[in-house]
Amino acid sequence: MTDPDTHLPDTSVLAQALSELQNQNAEQLKLMKKQLQLFRFLALFLAIALAVLAVFLGSTFNKVNRTIEHIETVTADLAKADWTGMVENINILVESSQESLGQATAKIDSIDIETLNQSIQDLNTVIGPIARLFGG
């Protein structure tokens, strides 16, 4: 006897389910291929960015090395400088300038301004008639 509860599934339902699974697998495969292409593009982009960064850092490293060399040269030159002698020379120069300024001030003070003004007035008195004689 056959049991009425036991029956075989309908082949059309199985075929439809199998077809749907195949479609889903095909869609997943297509999406995975797109994902692979995206990952390849990102890997290429990152490789290029890394190369550019390496070149930039190499250039910056060379500039930093040159700057450090210049700083070392300047530091060595400053260490060799005779600061005490320079300060003494500046003091001598200031003292000499003060003496010269004092002498110039003394000469200016020794000028008799009233006599100078009188001499200019006398010269103007003499030159005035001569200038008028020549039409001036």
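Residues numbered from 1 in each chain as written. Predicted model: local features only at pLDDT ≥ 70, side-chain atom pairs only at ≥ 80, totals over all residues. Heavy atoms only, no water.

### Points about the overall build of the protein chain
Counting its regular elements, the protein chain contains three helices and zero strands. Counting helices and strands in the order they occur from the N terminus, the protein chain gives α-α-α. In terms of overall size, the protein chain is more extended than a compact globule, its C-alpha atoms giving a radius of gyration of 52 Å where 136 residues would be expected to give roughly 14 Å. Judged by the C-alpha coordinates and their principal axes, the protein chain covers about 165 × 60 × 30 Å. Across the 136 residues that make up the protein chain, the buried fraction comes to 1%. Put simply, the protein chain shows about 12,800 Å² of open surface, and 66% of that area lies on carbon and sulfur atoms. Within the protein chain, one finds 9 positive and 16 negative side-chain charges whose respective centroids are separated by 16 Å. (Helix = DSSP H or I, 4+ residues; strand = E, 2+ residues; numbered from the N terminus. Rg over C-alpha atoms; globule rule 2.2 N^0.38 Å. Buried < 20%, exposed > 50% of the residue type's maximum accessible area, 1.4 Å probe, protein only. Areas by Shrake-Rupley, 256 points an atom, 1.4 Å probe, with all protein chains shown as cover. Lys, Arg positive; Asp, Glu negative; His and termini not counted. Charge placed at Lys NZ, Arg CZ, Asp CG, Glu CD.)

### Details of helix α3 (residues 113-133)
If you check α3, its first and last C-alpha atoms are 31 Å apart, about what 21 residues at 1.5 Å a residue would give, namely 30 Å. Within α3, the axis deviates most sharply at Ile127, by approximately 30°, and proline Pro129 lies no more than four positions further along. (Expected span 1.5 Å × (residues − 1). Bend = angle between axes of the 7 residues up to and from the residue.)

### A few points about the confidence of the model for the protein chain
In the predicted model, the protein chain carries a mean pLDDT of 87, and 93% of its residues have values of at least 70. Ranking the elements of the protein chain by mean pLDDT puts α3 last, at 85, and helix α1 (residues 11-80) first, at 94. (pLDDT = per-residue confidence, 0-100.)

### Things to note about a nonpolar patch on the surface
Taken together, Leu38, Phe39, Phe41, Leu42, Phe45 and Leu46 make up a surface patch of nonpolar side chains, about 640 Å² in accessible area. Looking at the element boundaries, Phe45 is found in helix α1. (Patch = residues over 30% accessible without salt bridge, like charges linked within 9 Å, V, L, I, M, F, W, Y side chains within 5 Å. Salt bridge = Lys/Arg side-chain N within 4 Å of Asp/Glu carboxyl O.)

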